[in-house]
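# A look at the structure
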Amino acid sequence: MWSLQFTCIKLTQNQIGPYFTVWAPMFLAAILLSGFALRDFKKGGKKLSDILVFAQLAVLGVFPAQVFMTWGTQYSLASNAAILTLSLPVFTALFAFLILKEKMNKVRWASFVVAIIGVILCSTGDLKQLNFGSKYAVGNILIFLAVLGNSYYNVGIKKIAERYTEREMVFYTYIFMVILLTPLVLYFESDVFLRIPSFTGQTWLGMSILTVFHNFLSMLLFFKALKMLDAMQVALSNYLIAFFGLPIAAIFLGETLNSMAIVGGVLVLSSTIIITIADSKMNKATIQEMTEIPEMPEIEEVQE
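Worth saying up front: this structure is predicted, and the values here are computed from it rather than measured.

Right, let's get into the side chain of N215. Mapped onto the secondary structure, N215 falls in helix α11 (residues 201-228). Side-chain polar atoms of N215 contact the backbone oxygen of L210, separated by 2.8 Å. At 3.3 Å, the side chain of N215 forms a polar contact with the side chain of H214.

Now for the packing of helix α2 (residues 18-43) against helix α9 (residues 166-188). At a minimum axis separation of 7 Å, α2 and α9 run at an interaxial angle of 145°. With respect to the hand of their crossing, α2 and α9 are arranged in left-handed fashion. For the contact of α2 with α9, a count of residues per class yields 23 nonpolar, two polar and four charged.

We now examine the nonpolar core. Within the largest apolar cluster, 56 residues are counted, with the highest numbers of intra-cluster contacts made by F20, F54, I157, L181 and F223. Going through the elements one at a time, α1 (4-12), α2, α3 (53-75), α5 (88-100), α8 (137-159), α9 and α11 are the ones with two or more residues in this core. The biggest single contributor to this core is α2, with 11 residues. Filtering out sequence-adjacent residues up to four positions away, F223 remains in contact with Y153, I157, E166, M169 and V170.

What follows is about the side chain of T21. With respect to the element layout, T21 can be found in helix α2. If near-sequence neighbours (up to four positions away) are discounted, T21 is found in contact with I9, T12, I16 and L210.

Here we come to empty space enclosed by the protein. This structure, assessed with the given rule, holds one cavity of 30 Å³ or more. If you add up the space inside the largest cavity, you get close to 30 Å³. For the largest cavity, the full set of lining residues is P18, Y19, V22, V67, T70, W71 and L181. Contributions of two or more residues to the lining of the largest cavity are made by α2 and α3. The residue inventory of the lining of the largest cavity, partitioned by class, reads six nonpolar, one polar and no charged.

Moving on to the environment of L221. Take L221: it is sitting in helix α11. In this structure the C-alpha to C-alpha distance between L221 and E166, which are 55 residues apart in sequence, comes to 8.0 Å.

Before going further, it helps to spend a moment on α11. Between its terminal C-alpha atoms α11 stretches 39 Å, which fits the 40 Å expected from 28 residues at 1.5 Å a residue. Approximately 35° is the largest bend angle found in α11, and it occurs at S218.

Here is what the cut-offs are and how they apply
Residues numbered from 1 in each chain as written. Predicted model: local features only at pLDDT ≥ 70, side-chain atom pairs only at ≥ 80, totals over all residues. Heavy atoms only, no water. Helix = DSSP H or I, 4+ residues; strand = E, 2+ residues; numbered from the N terminus. Polar contact = N/O pair within 3.5 Å; in protein donor to acceptor, adjacent residues only side chain to side chain. Axes fitted to C-alpha atoms, helices over the stretch in contact; angles between N-to-C directions. Left-handed = near helix turned anticlockwise from the far one by under 90°. Nonpolar A, V, L, I, M, F, W, Y, C, P; charged D, E, K, R; others polar. Core = buried A, V, L, I, M, F, W, Y, C linked by side-chain atoms within 4.5 Å. Buried < 20%, exposed > 50% of the residue type's maximum accessible area, 1.4 Å probe, protein only. Contact = heavy atoms within 4.5 Å. 1 Å grid on protein atoms, 1.4 Å probe; cavity = no way out; pocket = protein on both sides within 12 Å on 5 of 7 lines; lining within 4 Å. Points joined across faces, edges and corners; volume = space filled by probe spheres on them. Expected span 1.5 Å × (residues − 1). Bend = angle between axes of the 7 residues up to and from the residue.

Shown next as structure tokens:
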């Protein structure tokens, strides 16, 4: 579902600006979740002060991840953005180590290496055009800050995941993002509202998919996964975006797939399957060891 984002942005970019593209789906998704989130809020006996943590996560995490990435790509090259995004699991692992005290085991390192190789193969065309010259320095810095923000959010939301339902986490995050983005939308892209009646079917399709799949269902599943898996393991699954993004772009946008991209995609998928299965077995083994009751040594009878 995340992989649909890039194709949908291409479908809508002729009629909608970057701020509105982020703001509108989040606003609509928040409306869809409002009833469920408020019910969970009342059941959990929470106070308004309990949701202020999402303001911090929105400002330091989601806002730079969404807005800085858009700005950075405009000032830099798409190939630069693609390569810099590869560092997302690395920085997520760093934040997970510092904040959550998670560790990288041998299986995770092996999966990480396989995924890196796969994504590089998927990005061979972009690598040939890679340019980190001074001309694109500002854009590259913004993209780097966006990656840091995304990594921080992934780990920060994991830390509080047990206290909130998936619906609450998505809803509160989007509420604060809508508050942050609304002034920018009104100032820079207020004319978009006047053009809504003239939206083409292609634009409506892109916006609908961004709302329902990218900002609604995918985020609910993501937060559900965070409750069950380590932040590092979830971060490595981000490499699947390249695996699914390429065929989606080929189908809807007519972009071509080369053999290297296909091989790379298979490696990325394999690395995610490896870490998921291996971590699952290790977690089950750990739980079994903790629940096993040690046998009491036999006591020899003492005859008088």
